[in-house]
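# Structural overview for review
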Amino acid sequence: MKTNRVTLSRRSFLRAATLSTGLALAACAAPSAQTPGAAPKAEEPAIGETPVAEPAQPAAQPAQPAAERVFTMPMLAYLGDPGAGVDPGTSGSTASVMINQLTFSPLVYFDENLKAQPLAAESWETKDGQVWTFKLRKDIKWSDGTPVTAADYEASIKRNLAPDLAGVLYTLEFIKNATQYYSKEIDNPDEIGVKALDDYTLEFTLEKVTPYFDIVVTYPNYAAVPLKVIERYGNADWTKPENIVTCGPFKLVEWIPDQQMTFAPDPNYFGQKPGVDKFVIKMIKQEAAAMAAYETGELDFAEVAVGDIARVKADPTLGAEYSSKPNQLTQYLIIRSQTLEPLNDPRVRQAFAMAIDRDIVCNVALQGAYIPAYQFIVPGLPGYDENLGQELAFNPGKAKELLAEAGYGEGGKPMPTLYINSNQTDTYQTLFETIQAMWKENLGVEVTLELMEASARGEWAKRKPPMPHFWRQGWGNDYPDSASGMNFMKSTPKNDAIWTDNPDYAWVNAKFDELVDAAAIELDETKRAELYKQAQQILIVEDPKIIPLYYGANNIVVKPYVKGLIQNGLGTDFRFVSVEK
């Protein structure tokens, strides 16, 4: 169980300090016999003495109000304005998940060691890995003061699977009949495998044995949402500050799209209370701008762009506020390949992978901020093997041979225009200019960079005719297990609009899907790891869908008066933040 911490407000601290000072002075005075609880008796003058008037005491001064405790951070614009993602049913991006952690309460959460801890659920159990039972707390309330029950969780999860919501399926697809309901193969929500057994008991029946389901339910899609509010205002408007009802540590009180979001603590929250009076998120376009705002004191937290790391570490003040911790994120290029020349040839894809010197990329261009990656699964999880993927390590000679075998290069077919598409940030600009130069030097291939705002990327990918290109993607695990990313990598995810709108970009490999599905239900960890290794061999070597580039890290600066942040391999959790100036 999580132990609640009590955070004294500044006013409470001053009152306590004043009281302790008075007690200390009293302890130094001569003792006198007093009736317990009686006021001290005034000392009377001796006979014949003239009473001496007591000096006038100054009038009591009114107490000064405590300073407002405000925590301010950036939501870098490349992550996007959360938009509809404030709704846990549609939450999938880094931005929206972070917002949902503030405002709603899934069944469990992760501590700094990525261990599942009770949140809305106080306990859980399974006997076979397929039927799971969660016991809920009895003191959960909505921000309007009404109780939250297991029936709210059941109805919310079913609502999040509604086809017309277009929510996030891949975190809910474990539940029996979830995919069938989402895809309209069945239309009765009672057939979905989630049920409230009583007010405080929630039961899940899964499609298959899922030994890691207790860490899947940390995701916002497993939180209760206020269905009566949604029915009143509709899916588009219920999350507006004037309408929203929440059940997390904070409530959204202001939202200026593309500019700022403001949250206030929810006094009805059942758990550890935030140690701030206001939580502000500013939408800022670039890491450099956020860093400048941090240095002027406008922000209390910021991510450090790779171009700033050396300067920050060398600065006496900033260096003490800086930290870097690995996270479970793989940065990679998706190769849009299946039907498009020249990327429909596996040898061409292999050649482009072998023409990137990841050591130069990570340790020189990106100043040591990240760790070179040759596979998709991050270190420490089932299926990771430090030797896997080394066949496609930097080897420009072999890369040219493969390109020639495929009919390109000197004397071969002309190479069509190829593109790298990414959102525009300082880090990505440096990253892809470096890779662009490597491909020109090592393969003799010119590649065009298409760096743009995050909101424009989807429309670019839908253009017809389809363009052969490399698409920057970062996959951060939703839960600390290889299934999180490998399930997503399966052939053409049903809920991925880019592939659905442009099937020429589809990557299909039945053997890969078979291995991933087998690993997902394997209870023997050794066998499970071997299945994931075999799947990765297909994904990154034999029939490359992706080119892994590096593993991520949380490179951040935090003001010393900010406490309570949870830093773990999934990023930063702000729900317990406090400001102690």
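Bear in mind that the values here come from a model prediction, so they are computed numbers and not experimental data.

The rules behind the values
Residues numbered from 1 in each chain as written. Predicted model: local features only at pLDDT ≥ 70, side-chain atom pairs only at ≥ 80, totals over all residues. Heavy atoms only, no water. Helix = DSSP H or I, 4+ residues; strand = E, 2+ residues; numbered from the N terminus. Buried < 20%, exposed > 50% of the residue type's maximum accessible area, 1.4 Å probe, protein only. Contact = heavy atoms within 4.5 Å. Areas by Shrake-Rupley, 256 points an atom, 1.4 Å probe, with all protein chains shown as cover. Pairing = 2+ DSSP bridges. Expected span 1.5 Å × (residues − 1). Arc of directions from axis to C-beta. Axes fitted to C-alpha atoms, helices over the stretch in contact; angles between N-to-C directions. Polar contact = N/O pair within 3.5 Å; in protein donor to acceptor, adjacent residues only side chain to side chain. Salt bridge = Lys/Arg side-chain N within 4 Å of Asp/Glu carboxyl O. pLDDT = per-residue confidence, 0-100. Core = buried A, V, L, I, M, F, W, Y, C linked by side-chain atoms within 4.5 Å.

## A closer look at the overall build of the protein chain
- Along its length, the protein chain carries 18 helices and 21 strands.
- When the 581 residues of the protein chain are sorted by exposure, 52% land in the buried category.
- Contacts in the protein chain between residues far apart in sequence, at least 24 positions, make up 69% of those at least 6 positions apart.
- Counting only carbon and sulfur atoms, one obtains 52% of the accessible surface of the protein chain, whose full area is about 26,600 Å².

## Some words on the pairing of strand 8 (residues 250-256)
- In terms of strand pairing, strand 8 meets strand 9 (residues 260-265) through six bridges, oriented antiparallel. Across the sheet, Phe 250 pairs through a bridge with Pro 265, a residue of strand 9.
- Between strand 8 and strand 9, which pair antiparallel and follow one another directly, the connecting turn spans three residues, one of which, Asp 258, has a positive phi of 70°.

## A look at helix 13 (residues 426-443)
- When the terminal C-alpha atoms of helix 13 are compared, their 26 Å separation across 18 residues agrees well with the 26 Å that a helix rising 1.5 Å per residue should span.
- Three or more residues of helix 13 are buried, namely Thr 427, Tyr 428, Leu 431, Phe 432, Thr 434, Ile 435, Met 438, Trp 439, Asn 442 and Leu 443. The buried residues of helix 13 occupy an angular sector of 150° when projected down its axis, which confines them to one face.
- One or two steps after helix 13, the chain reaches Gly 444, where phi turns positive at roughly 70°.

## With respect to the sheet that holds strand 6 (residues 194-198)
- Reading across from one edge, 4-5-7-6 is the order of the four strands in this open sheet, with antiparallel pairing throughout. Looking at the sheet topology across the chains shown, the edges are occupied by strand 4 (121-126) and strand 6. Ignoring which end each strand starts from, the neighbouring axes of this sheet average 20° apart.
- Inspection of the sheet shows strand 4 paired to strand 5 (residues 131-136) by five bridges, in the antiparallel sense. Along strand 5, the bridge assignment pairs Trp 124 with Phe 134.
- Across the face of the sheet, helix 3 (residues 150-160) comes into contact with strand 5, strand 6 and strand 7 (201-205) while running at roughly 170° to strand 6.

## Side note on the sheet that holds strand 1 (residues 70-76)
- Strand order across the open sheet formed by four strands is 1-10-9-8, with mixed pairing between neighbours. The strands lining the two open edges of the sheet, one partner per strand, are strand 1 and strand 8. The sheet shows a mean angle of 20° between the axes of neighbouring strands, direction not considered.

## Considerations on helix 17 (residues 510-521)
- For helix 17, built from 12 residues, the straight-helix expectation of 16 Å at 1.5 Å per residue is met to within 8% by its first-to-last C-alpha distance of 17 Å.
- Buried within helix 17 are the following residues: Phe 512, Asp 513, Leu 515, Val 516, Ala 519 and Ala 520. Viewed end-on, helix 17 has its buried residues packed into an arc of 165°, placing them on one side of the element. Across from the buried face of helix 17, at angles greater than 90 degrees, the exposed residues are Ala 510 and Glu 514.
- Where helix 17 begins, one side-chain oxygen reaches toward the backbone nitrogen of Lys 511, 3.2 Å away; that side chain belongs to Asn 509.

## Side note on the side chain of Thr 427
- Within the secondary structure, Thr 427 sits in helix 13.
- A distance of 3.1 Å separates polar atoms of two side chains, one belonging to Thr 427 and the other to Glu 287.
- Residues within four places of Thr 427 in sequence aside, it is in contact with Glu 287, Ala 305, Val 306, Leu 366, Tyr 370 and Tyr 550.

## Digging into the pattern of salt bridges
- Under the criterion given, the structure shown has 20 salt bridges.
- Between Lys 533 and Asp 385 there is a salt bridge, and its shortest N-O distance comes to 3.7 Å. Here Lys 533, found in helix 18 (residues 525-542), pairs with Asp 385, found in the loop between strand 13 (371-372) and helix 12 (396-405); they are 148 residues apart in sequence, far enough to count as distant.
- Exposure remark for Lys 533: the relative accessible area of 26% places this residue in the partly exposed category.
- Residue Asp 385 is classed as partly exposed on the basis of its relative accessible area, which comes to 23%.
- A salt bridge links Arg 575 to Asp 573, with the nearest nitrogen and oxygen atoms 2.8 Å apart. Both residues of the pair, Arg 575 and Asp 573, belong to the buried class.
- Each of Glu 154, Lys 158 and Asp 190 takes part in salt bridges that share partners, so that together they form one network.

## Things to note about the pairing of strand 9
- In the sheet, strand 9 pairs with strand 10 (residues 278-284) via four bridges, with the strands oriented antiparallel. Residue Gln 260 lies in a different strand from strand 10, and its bridge partner there is Lys 282.

## Thoughts on the confidence of the model for the protein chain
- Mean pLDDT over the protein chain: 86, with 86% of residues reaching 70 or higher.
- Residue range residues 1-56 is modelled with pLDDT below 50. Its contacts to residues more than four positions away, or to other chains, number 23 contacts.
- Taken together, the stretch residues 495-500 has pLDDT below 50 and engages in 17 contacts with residues farther than four places along the chain or on a different chain.

## With respect to the nonpolar core
- In this structure, Phe 71, Leu 107, Phe 204, Phe 213, Tyr 222, Phe 279 and Ile 281 are the most contacted members of the largest nonpolar core, which totals 117 residues.
- Considering each element in turn, this core owes the most residues, seven residues, to helix 18.
- Setting aside its immediate chain neighbours within four residues, Ile 281 contacts Met 73, Pro 74, Met 75, Met 98, Ile 99, Leu 102, Gln 259, Gln 260, Met 261 and Phe 263.
- Ranked by size, the runner-up nonpolar core spans 53 residues in total, among them Met 291, Val 312, Trp 439 and Leu 549.

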